[in-house]
Every structure is written in structure tokens, then in C-alpha cells.
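Descriptive analysis of the structure
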Amino acid sequence: MSTTADGRFPEALMASSPAPVGRGTEIARLHEEVDRVRRGHSARVLLTGESGIGTTTVVDAFCAALEADDSAVVVRVAAEEPVPVPVGVARAFAVVEQLGRALDARRGDLGATAARSALALHEALVGLRRPDGDGPPDRLRPVVLVLHDLQHVDPASAVVLTDVLRRLQSGGMFVLATATDPGRSPASPPWWPRLFVPDPTAGDVPGAVETRTRTETVGGLQSPAVAALVASRRPASPLPGPVVAARLVAATGGHPVHLALLVRSLPDEVLAGVAPPPPARDLEGLVEVVLGGLPAASRRLLTALAVLGGTAPATTLERVAGEEIGPGDVDTAVRGGLVEPRPAGLRFLHRRVRDVVLAAAPTPEVARMHGRAAAVLGGRAALAHAVAGAAGRPDAATADAFAAAAHAESSDHDDAATRLLWAADLSATGPDREHRTTAAAVRLVRAGATRRLRALEPRLRVALGGAGRDLALGVLASESSEPEAHVLLQAALDDLDADPGVRALAAVRLGAEHLRRGRGMRAVDAAGRVPALTDDPRLREEAAVVTAHGRAQQWGPDAGLDALADHLAGAYGPEPAILTARLHLAAGRVEEAYAGLHEALHRVRGGSQTTTGRVVHLALAETAFRLGRYDEAEAEARVGATTADEPGGAWVGPAARALGASTAAVRGDPERAEILLERARGALGRSPNPFGAFIVALNGAMVAHLRGDLEQAYRLASGLVDGPVPAMLSAPTAPWRVLAADIAIDAGRVAAADEIVREWPVAGASLGFVLSRHRLIGRLAEKRGDVDGARTAYRAALDLVASAGSRADACPVEVAALHAAAGGLARRQGWPSAAEDLAAARRAFAALGAAPWVAAVDAEIDAGVPGVYRVPADDAPGSDGSRFDGSRFEGSRSDGSRSDEAPVPAVLPAARTAADDEPRPSLTPREHEVVRLVAQGLTSREVAAALHVTPKAITYHLGNVFSKLGVTSRRQLWGRSFD
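What counts and how
- Residues numbered from 1 in each chain as written.
- Predicted model: local features only at pLDDT ≥ 70, side-chain atom pairs only at ≥ 80, totals over all residues.
- Heavy atoms only, no water.
- Helix = DSSP H or I, 4+ residues; strand = E, 2+ residues; numbered from the N terminus.
- Contact = heavy atoms within 4.5 Å.
- Areas by Shrake-Rupley, 256 points an atom, 1.4 Å probe, with all protein chains shown as cover.
- Buried < 20%, exposed > 50% of the residue type's maximum accessible area, 1.4 Å probe, protein only.
- Pairing = 2+ DSSP bridges.
- Right-handed = clockwise from strand over helix to strand, strands pointing away.
- Phe/Tyr/Trp six-rings, centres within 6.5 Å; stacked < 30°, edge-to-face > 60°.
- Lys NZ or Arg CZ within 6 Å of the ring centre and 35° of its normal.
- Axes fitted to C-alpha atoms, helices over the stretch in contact; angles between N-to-C directions.
- Parallel < 35°, antiparallel > 145°, perpendicular 65-115°, else oblique.
- Left-handed = near helix turned anticlockwise from the far one by under 90°.
- Nonpolar A, V, L, I, M, F, W, Y, C, P; charged D, E, K, R; others polar.
- Expected span 1.5 Å × (residues − 1).
- Salt bridge = Lys/Arg side-chain N within 4 Å of Asp/Glu carboxyl O.
- 1 Å grid on protein atoms, 1.4 Å probe; cavity = no way out; pocket = protein on both sides within 12 Å on 5 of 7 lines; lining within 4 Å.
- Points joined across faces, edges and corners; volume = space filled by probe spheres on them.
- pLDDT = per-residue confidence, 0-100.

A word on the overall build of the protein. Helix and strand content of the protein: 44 helices and 9 strands. At a minimum sequence separation of 6, the contacts of the protein that also span at least 24 residues come to 69%. Accessible area for the protein stands at about 39,000 Å²; split by element, carbon and sulfur atoms hold 53% of it.

Pasting the structure below:
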């Protein structure tokens, strides 16, 4: 069931590799992993080792077994090794576009996958588990995503794949990858190793299943495998004994390609042990010996194949070689053992063999063959071969053609940069080379291809000055957090002789650099110069975003929202929507922020490119946290914490880890919270940023508060209040101010808390903020001994909740905290309303899974509530899952009103632990997914959207769940853990 871009294997994988000799252990371990995945777990495994050691052979055998019994959905993609030319030619997003086409081939008529969107690729992969849509759960099959040769993945695809792999936390997903040992890899630094090592902070993640992650180094073959290798390669020859086998392994290091080539060349007497072996040679030396023994026609055939670099049919080889190739020439080449026949043509045993053949061929002959290959192949490959055919010799006409093609390309800046670099290498004069190299650097800045730009840095530093050079070096300096980066960018902007488009791009990047340094007004000034320099709508849109962000830094989030108002409709990219949502969040309008961020992600999912992708996930993690959606907060923080090459985004990872720490602390996992905080602080120390530092300190205060370390919490929170507050977070209704006031009250600093609350607006804020204001006013009144004032504040807030109706659902944490505060006051005063409010608080906190807050309510109950007591969970009414559906409590409030509007238990069950709430074994994997989301309070429509099925399917699954768990309503599932 494996597919690639066109529904088949890649050419390099179309035929099965030779039978896997001596690899039974590695293959068995992979089958053990897939068996775990079938049981609902997930896994990521990397097979690595010396080039040619046999990782592909292992994967081929493993996947063939899965296909034989149709037990898994297998999707395979292979990163192609670039044609060997003077500069890299890997096309941006080539690998993820191959993956997108492979998924489309599997998904049928569901539409094209936006391959450049990690969200879209993730959803398509997860959707493959159930090819029949709403079919029964037992139709679920594991999805095996195979990624070959990660060392050849283009940088743009690497960023997207990193996101995809971080997201694949649901059950039934197995990622299997191969790569050359990073120590031998041409990529510097390699991007993939961190994805295949266990993450100490990933355990017990709500909403995710256990993901076993490991890297396995595949070594050389051992002596017992040599006889099997000889039997498969030379069935008529004698099998070597243990002594001969040991000698062969010692001579080759057990390298399969080296060993196979040596076995093919040895006489039977040596294999039988009756004649001594020839002198030992390394693989390259052995290839040279074999090559030297071939006739000239076969050598030319092999040179043509080496020039093409992959698998090629005889007709193509003949045209590239420039002479007729007869069947005898092909047979001789195959018998030499350096190549093997495949359905698509001939291919080398391994790229190391090809490299030796290419190096042994005369340079003029190789250049001529590259020229013929350019004529035969056409397209992008033809351009690469044309460059290689020049062999470093200037070719002004070809260089001019490449430069013209690059200038005609207005959208694919990465590809245009590649053509300009080719043109630079073929240019006849030094000034032309420098000019085209600088033009390529400008295109890479526009593409956001930081890794490729970094590779050009040595050439740029010795180039003549100019706006393009200053722009590129300024962007690299900004990426390295060099404080003087703005000087280079300013010089590029002020170069009156430069191309206006380059100056406009410099203005946008200069504005972004000022924003990162907290210089909002200077960012506005820089971005304000863009409209006079260019009509490019995308650059103008980027400038508008910088302007709005700068105004928000200078005068607060509402000033930024005003500046963005005219740019949302018809926006080209998601950045205006992203910043609008972030500004709503900074202003305390969490619900608007949440909706806006999902709209932005919808655009990203549809393929819109963004330079602020991690910021989206960071902001969404915070909004989900504020809304009490901790599963979503955890998942988004995990994605936001991944490393990427986004300009100036190094602070996002630490901030996302800090948010993950707060989520873990709320979930009752302080150890994991501390690990995440330590990692966040360490990463921020390596890339300091004021905004990131504020976020990390804020979440540090939150974690300290939740674990009861009030002195530490107050020290951090007061530092935020007294220190410089980033203007983006300076709004009087910013959510962090509520936490600061709560911490001050709990730490006994009433005057400090009163000062914080006194500055808040009385009107115009969101419902959640207004409820928090009333609650804190009530808490302060209590601390001063003003019971009536406290009661009045709590009553006003509770009345607001009642009148708000469903709007109050958007602020569950604030409502629960309000009930807890009101219930605490009522308990201390002996009022009967204590039972109702504490029951409501406990119900809500338990539904959210907020263990520390449940424990705080339980402590109030344990202190004594009239008519209410707690018993162990196993003995409590409703301990089978029917939360708080016991007897109706008919007490009265202190103001005389009845409290019989909602059911309230006379006995409150103890807080459940994760062990108490483990899912029943009888639930299927899909039922687990459904019930987990329903337990969080989601409607059937919301659950259906999250799982990409119909609401009718959710109703069907819920019917099975109710029967198995012995419940009769969704309310009885609320607050239970099904992770």
C-alpha cells in the first residue's frame, strides 16, 4: 500500500532491494514497534549509520511484510540527492510536496493537500487511519510514514516536517526515517536528530498517547551473515566457513556494499578457504579495480549513469553517453557488480560507487555528458546539468539566461535565488559574480531561507558594498541577536542608488528588528517608508503589520488594532489576522483572540505562507489556557516550542515551553512543570529577548503559585509589575495582571494587590476580566475584614454570570474561581450557600482537570461546610461517573434567596486521580477519543470537527460509550479523565 508522489515508489525504491541478509534483528524490532502502534501508541524511529550500511534494505523488507498482509497504511517519500553541481539545487518544499501528492493519491477525491502547511499534512496523515470516514473503530489501521534520506531534505521541507512530526502525537502513527549518521552528513547542522530522541518533558501529556522515540544505529554485517550473502550473490560457489567469513568481515568492516562487491570478485578457491585472499582494499579502491577491468564502452555507460545521478533506462544512457550502447555493454557492466538492473533502468549499488566512477572519468568527458543530459532531460534538471557541464568555466550566455529566468520569477524566490547562484558561478567577470550573488541573497531574504543565506555569508562579506549586501548581512546579524544589526539594515534603506524594491525589503526587516528590540516608534518610522518605495502588495502588507505592531508597542494593543483595521479584508497572508488575534489577547479579549487565531490557522492550513507560524501556536496555547482548554494548550505549546528558522523567533520556543509548564502545573504535574521551566530559562539565556523574558517570568510565577511557593511567586510577579512591561502587554486589562493581584493577596501583600486592582477600568472590559475584578475586590474586602463588601462584590459577579447565559462558558476558569471565592467566604461565615458555590467550583475545576484548584476547594470543604462532607471517591455517590447528580441541596443564601435552581450534592466525592479515571478496557480507540473530548465539555459538533467525522458518527459512538460505562447523559462524563 506504499505510494509516493505519483502513486508508485520513487524510482530509487521501485524494485525490492536484495534479500536482507543478517538484518533479522533490526526488522523484528520494527515489527515490535508497529505492534505497539496497532494497540494505540505512537512511535518515531530513526535508522542511521554509515552511508550504504543498509538502512533502506531494512525498511524495504519491513514495508514489504506490511503490504503483504495489508495490515497498515504505508506512505513513503524519498529525498533525492541533488545533482552534483557547484551550488546546491534542492528545490524548496520539494519533499513535502512529494508527500502531499502521495497523500492525495491515497485520499482519493478529498481534494489536494496544501503540502507547505504542517497542519494540512498532519490532518491528511491522521485521516488515513480511517479510509472509510465514519466506519467502525475496528477498521482503524496504523499509518506508517517512511521518510528516506533525511540528509537530503531541502531546508524549507525540513521546517514543515519538523512541525508535522511534533504534531503526530495521536495513537496509531509510526514515523520511520533513514539518514546518514549526522557525523558524516553534508547538512550542517543536521536538523533531524532532535526529533528522534526521547523528550523528558513529553511523558504523561494530556491529549497525547505514549510516543516511543529512538534512534538506532545500523552496523556492519557479522560473520554468520556472510554465507547467506554468498549464497544469494553466487549460488554456484562454495559457502565460506567461519574463518573465511571472519576474514571477509574484517576486510570490509561488514559494510554490505563493500562485502557484496568483494564476494563477487573473489575466486571460488578463496571462498572455500584453500587459497589466500587478495590484499585488502577499501570500497573505493575495490571499485577502481573493477572499473579498470571493464571495456571502454561499459565504462562510458557507467560514467553516463554517474552523471545522471539516479536510475536511468538504456535509451537515456545512450543519448547522454553520446554513442550506441549494445546489450553486451549493459550485461558486462552488470556482471562487474557496480550496478544492478531495476524496472526503471540501471542504478549503482550505492552513491559511494557512483562517486568513484564519476571521479575516475576524464573531466572533459564528464562536462560533455552533462551538456547532453541538459538537452535530454529539460526542466530544472537541465539547468543543473548545464551548470555542471560548464565545469567551472565561465559561460556568459548561459549565465545571462539563468539571470534573466531568475528576474522573470516573481513569486518563487527560493528558486530564483538558485538560478542567480548558477548564473554567478558561470559569470565571466568578478563584478557580475558579486552582483548576482548579492541578488540571490536578496531573494533568499525574501524567501525567509535563513540556512541558505547563512551559507552565502563568506561570499557576501568579501563582496563590494551595497544595499543588497547590507540587507543580507543585517538579516543574518539580526538572526544572531547582534545588537548592531539595525545599522546594516538602516544603511540598506538609506542607499539612494539602490533598487527601490531592495530598500523597501530593508525597511520591513529594519522595522521587524526594531520591534524585537522594543523600539516601537522606530519600527513605525521604518515601515512608513515602504509605500513610497514599492507597489508590491505583499511588502506593503508586511509593512502594515510592522506598523500596527509598533503602534501596539508604543501605545498599547488597541492602537495596533486601529492600525490594522483596514488591512484584514483581502489580506494576502495570515499575518494581519495573527497580529489582530494577538492584540485581542493582549487586551484581555480572549474569546476574540481564540477565534481570530483559528481563522489564521485556517489560512495557514490552506497553504498561506507565514513567517510567524510559531507565534500563532504560542498565542493559541495562551488563549486555550485562559479558556480552560488545557489539552489544546498543551498541544499548541508543544508545537510552538519546536525550533525553526523564523526571523527573530528564537524567543518563541522558550515562551511556549513556559506556557507548557503552567499547563502541566495546573494539571497537577509540578515535576514536569519545573523541567519545562528550566529548559525555557536556559534557551532564553542563549537568545535573550524582553518579550520572551516577560512570558517566561510570568509563567514561572504561575507555577510557583500553584505549588504553594508564595514568596517565589510574589518575587517574580512583583518584578513584572514594577519592571518594564512590554507595551504589547501593557493594557490595563491584560490577563497577567489578574494573576499578579491573586499572588499578592495570597502572599499577604494586600496594599500591593489593591494598587494593581485600583488601576483597572470599571467598564469596557471582557466578561472574564470583569468577573476577575469583582472577585479580587471581594477578596481584598475580606482581607480588610469588610464581609459585607466582599459579599456585595461576589454577588454582583454571580449575577453577571447568571445574566450572561452561554457567554459565561467562554470564561470557565474565572467562573469557577468566583464560585470558590464566594463559597470560601460563605463557609467561614457559616452561610448555607457555601455548599452550592463550593460544589459548583469543584465541579468546574474537576471538569477542567485542574488538580491544584480542586485540592484547594477540597481543603475548604474539609474545613467544614454545613450539611456537606467528603468521603473517599470509591464510597461517594456518583463515583461511577455521575458527577454531582446526587440529592438537591435546598439551603438559602445569606440574602434570603433559595438555592434550589441546580442539583447540589450532600456528599462531595474526593478529587479523582488519573489512576482512578483510567478508561475502561472495553472502549475502542475511537470511543476513547470521543469520550475524552466529551468529558471536556465539547458538543457533538465540536467533537466531530476535531476528529474529522460527522456529528452522526459521534452520536453513534456515544451510544456505545453510554452502554459500556453505565451512564445515561453527557453530564455524567464531565470531569473524568480518559487520556
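Burial of strand E3 (residues 143-148) is extensive: 6 of the 6 residues sit out of reach of the surface. In E3, alternate side chains face the same way, and those of Val143, Leu145 and Leu147 on one face and Val144, Val146 and His148 on the other are all buried. With 6 bridges joining them, strand E2 (residues 73-78) and E3 adopt parallel strand pairing. Residue pairing across strands places Val77 opposite Leu147, the latter belonging to E3. Looking at chain direction, E3 and strand E4 (residues 173-180) are connected through 5 bridges and run parallel. Bridging from a neighbouring strand, Val143 pairs with Met173 of E4. This β-α-β element, E3 to helix H5 (residues 155-167) to E4, shows right-handed connectivity.

Moving on to the packing of aromatic side chains. Applying the stated criterion across every chain, the model contains 7 aromatic pairs. With a centroid separation of 6.1 Å and an interplanar angle of 85°, the aromatic rings of Trp191 and Trp192 are classed as edge-to-face. The exposure classification of Trp191 matches that of Trp192, with both residues buried. Ring plane angle 45° and centroid distance 5.4 Å describe the contact between Phe845 and Trp853, whose orientation is recorded as tilted. Of the residues examined, Phe845 reaches a relative accessible area of 5% and is grouped as buried. For Trp853, a relative accessible area of 21% corresponds to the partly exposed category. Over the ring of Phe691 we find Arg582, and its NZ or CZ is 5.9 Å from the ring centre.

Moving on, we get to the packing of helix H7 (residues 242-252) against helix H8 (residues 256-265). Relative orientation of the contacting elements H7 and H8 amounts to 125°, with a least axis distance of 9 Å. Put simply, H7 runs oblique to H8. When you trace H7 past H8, the crossing you get is right-handed. Of H8, the residues touching H7 (which contributes Leu248, Ala251 and Thr252) are His258, Leu259, Leu262 and Val263. Its residues assigned to classes, the contact of H7 with H8 shows 5 nonpolar, 2 polar and no charged.

Regular strands place side chains that alternate from one sheet face to the opposite one. Across the 8 residues of strand E1 (residues 42-49), 8 count as buried, placing the element largely inside the fold. Residues of E1 alternate between two faces, with Ser42, Arg44, Leu46 and Thr48 on one and Ala43, Val45, Leu47 and Gly49 on the opposite face, all of them buried. Bridge count for E1 against strand E5 (residues 211-217) is 7 bridges, and the pairing is parallel. Bridge pairing in E5 places Leu46 opposite Thr215.

Strand order in this open sheet of 5 strands is E2-E3-E4-E1-E5, and the pairing throughout is parallel. The open sheet has two edge strands, E2 and E5, and neither has a second partner. For this sheet, the mean angle separating the axes of adjacent strands, direction not counted, is 10°.

Turning to unusual backbone geometry, a few remarks are in order. Unlike most non-glycine residues, Asp149 shows phi in positive territory, near 60°. Within the fold, Asp149 resides in the loop between E3 and H5.

To continue, consider helix H37 (residues 767-783). Counted at 1.5 Å a residue, the expected span for H37 with its 17 residues is 24 Å, and the 24 Å between its end C-alpha atoms agrees. Looking one or two residues past H37, Gly785 carries a phi angle of roughly 85°, positive in sign.

A few words on the pattern of salt bridges. The full count for this structure, using the stated rule, is 46 salt bridges. For Asp355, the salt bridge goes to Arg354, with nearest N and O atoms at 3.0 Å. The exposure class of Asp355 is partly exposed, given its relative accessible area of 38%. One connected set of salt bridges, linked through shared partners, spans Arg29, Glu33, Arg36, Arg212, Arg214 and Glu216.

Let us now look at empty space enclosed by the protein. Under the defined criterion, the tally for this structure stands at 5 cavities of 30 Å³ or more. Of the voids in this model, the largest cavity is the one considered here, and its volume is about 200 Å³. Those elements giving two or more residues to the lining of the largest cavity turn out to be helix H27 (575-586), helix H29 (613-626) and helix H33 (690-706). Residue contributions to the lining of the largest cavity peak at 5 residues, all from H29. Residues that form the lining of the largest cavity fall into these classes: 14 nonpolar, no polar and 3 charged. Its boundaries defined by the atoms lining it, the second largest cavity holds a volume of some 110 Å³. If you go around the second largest cavity, the residues you meet are Glu622, Phe625, Arg626, Leu659, Ser662, Ile695, Leu698, Asn699, Met702, Trp736 and Leu739. Put simply, the parts of the chain that give the lining of the second largest cavity at least two residues each are H29, helix H31 (652-666), H33 and helix H35 (736-746). A total of 4 residues in the lining of the second largest cavity trace back to one element, the largest contributor, which is H33. Looking at the lining of the second largest cavity residue by residue, the classes come out as 7 nonpolar, 2 polar and 2 charged.

Looking now at the environment of Leu818. Among the secondary structure elements, Leu818 is positioned in helix H39 (residues 812-829). Once the C-alpha coordinates of Leu818 and Val801 are considered, the two residues, 17 residues apart in sequence, prove to be 9.7 Å apart. Setting aside anything within four residues of it in sequence, one finds Leu818 in contact with Leu771, Arg775, Tyr794, Ala797, Leu798 and Val801.

Low pLDDT means the predicted atomic positions in that stretch should not be read closely. When pLDDT is averaged across the protein, the result is 81; 83% of the residues are at 70 or more. Mean pLDDT values for the elements of the protein range from 35 in strand E9 (residues 907-909) up to 95 in helix H22 (residues 485-494). Note that pLDDT drops below 50 for residues 1-17; the model gives that stretch 50 contacts with residues more than four away or on any other chain. Note on residues 203-207: pLDDT is under 50 here. Beyond four places in sequence and across chains, it has 11 contacts.

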